[in-house]
Amino acid sequence: MKLFKKSHDGGPDSGVTGYWLIENKKLFSICLLRFSEGSREAFHSHAFNAYTWWLKGEVEEQFLDDTKNHIIWKPSIRNWLFPKFTPRWNFHKIIGLKTSWALSIRGPWDDTWKEHRNGNTYTLTSGRVLVEH
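What you see is a predicted model, and the numbers here were worked out from it, not measured in a lab.

**Q** So what's going on with the overall build of the protein? Which residues, and what values?
**A** Counting its regular elements, the protein contains 1 helix and 13 strands. Written out in order from the N terminus, the α and β elements of the protein read β-β-β-β-β-β-β-α-β-β-β-β-β-β. Over its C-alpha trace the protein gives a radius of gyration of 14 Å, about what one expects of a compact globule, namely 14 Å for 133 residues. Dimensions of the protein, computed from the C-alpha atoms along their principal axes, are close to 40 × 35 × 25 Å.

Structural data, given as structure tokens:
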């Protein structure tokens, strides 16, 4: 469990820094996220469902299934009323168009999630440990 900790969110290659108010993977997490400009190459799913409120900046969400439209996320009244919902199966990546900040509330973690990079899909578990290739 994390309380009031700062760490990478998405691994050391990620441009996202998490400021954790609380992280209990069995129950829920609340964190403030700082997205640097740019993105790492990997598309990914999540081990959790999440709601995100964009506080500052602008990001683009791209999907591994490129038949879907890319989405630009930035602070708005609509965003406050209807936060971005990210289901755990959503295969995407976020590109920081500007340095951006978001508040994220995440549900309980599953044991695994997936990452797609260099044409391959990998299954990861806690600590970003490779489970299968």
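Next comes the rest of the account.
**Q** Describe in detail the nonpolar core, supporting the description with residues and values.
**A** Generally speaking, nonpolar side chains in soluble globular proteins are found buried as a group. With 10 residues, the main nonpolar core is built from Val16, Trp20, Cys31, Leu33, Phe35, Trp54, Val59, Trp73, Ile94 and Ala102. Every element with two or more residues in this core is listed here: β2 (16–24) and β3 (28–35). Take this core: its biggest share by element is 3 residues, from β3. With sequence-adjacent residues up to four places away left out, Trp54 is seen in contact with Phe35, Val59, Trp73, Lys74, Pro75, Asn79, Trp80, Lys84, Trp101 and Ala102. Core analysis: the next-biggest nonpolar cluster, separate from the first, contains 5 residues, Ala47, Ala50, Trp113 and Leu124 among them.

**Q** Tell me about the environment of Leu3, and please be specific about residues and values.
**A** The residue Leu3 is located in strand β1 (residues 2–8) in this model. Linking Leu3 and Glu41, residues 38 residues apart in sequence, is a C-alpha distance of 29 Å. Not counting residues within four places of it along the chain, the set of residues in contact with Leu3 comprises Trp20, Leu21 and Ile22.

**Q** Would you mind going over the packing of aromatic side chains in detail, with residue names and values included?
**A** Tallied over the entire structure, the rule returns 5 aromatic pairs. Their ring planes at 45 degrees and their centres at 5.3 Å tell us that Phe35 and Trp54 sit as a pair that is tilted. Of this pair, Phe35 sits in strand β3 while Trp54 is found in strand β5 (residues 50–56), placing the two residues 19 residues apart along the sequence. Grouping residues by exposure puts Phe35 and Trp54 together as buried. Taken together, the ring pairs in this structure connect Phe48, Trp109 and Trp113 into an aromatic cluster. Its end group placed over the ring of Trp109, Lys25 keeps NZ or CZ at 4.1 Å from the ring centre.

**Q** Provide a residue-level description of a nonpolar patch on the surface, including the pertinent values.
**A** Taken together, Met1, Leu3, Phe4 and Leu21 make up a surface patch of nonpolar side chains, about 490 Å² in accessible area. For Leu21, the position within the fold is in strand β2.

Conventions and cut-offs
- For every chain, the first residue of the written sequence is number 1, and numbering continues from 1 along that sequence.
- Note on the predicted model: pLDDT of at least 70 is required for a residue's local features to be given, and 80 or more for side-chain atom pairs to be given and counted; whole-chain, interface and lining totals, by contrast, use all residues.
- To obtain the side-chain values, all non-hydrogen atoms of the structure were used and water was disregarded.
- Helix and strand definitions here come from DSSP, where helices need a minimum of 4 consecutive H or I residues and strands a minimum of 2 consecutive E residues; each element is numbered from the N-terminal end.
- As defined in this context, the radius of gyration uses C-alpha atoms, and a globule is described by 2.2 Å times the residue total to the power 0.38.
- We call a set of buried Ala, Val, Leu, Ile, Met, Phe, Trp, Tyr and Cys residues a nonpolar core when their side-chain atoms join them within 4.5 Å.
- In this scheme, a residue with accessible area under 20% of its type's maximum is buried, one over 50% is exposed, and one in between is partly exposed, where area comes from a 1.4 Å probe on protein chains only.
- Here a residue-residue contact requires only that any non-hydrogen atoms of the pair lie within 4.5 Å.
- Aromatic contacts are taken between Phe, Tyr and Trp rings whose centres are within 6.5 Å, Trp giving its six-membered ring; a plane angle under 30 degrees counts as stacked, one over 60 as edge-to-face, and the others as tilted.
- For a lysine, the NZ atom is tested; for an arginine, the CZ atom; a charge sits over a ring if that atom is within 6 Å of the ring centre and within 35 degrees of the ring normal.
- For patch building, the residue pool is restricted to those with more than 30% relative accessible area and no salt bridge; the joining distance is 9 Å between like charges and 5 Å between nonpolar side chains (Val, Leu, Ile, Met, Phe, Trp, Tyr).
- Surface accessibility follows the Shrake-Rupley procedure with a 1.4 Å probe radius. Residue values consider only the protein chains on display as shielding.
- Salt bridges are defined by distance alone: a side-chain nitrogen of Lys or Arg within 4 Å of a carboxyl oxygen of Asp or Glu.

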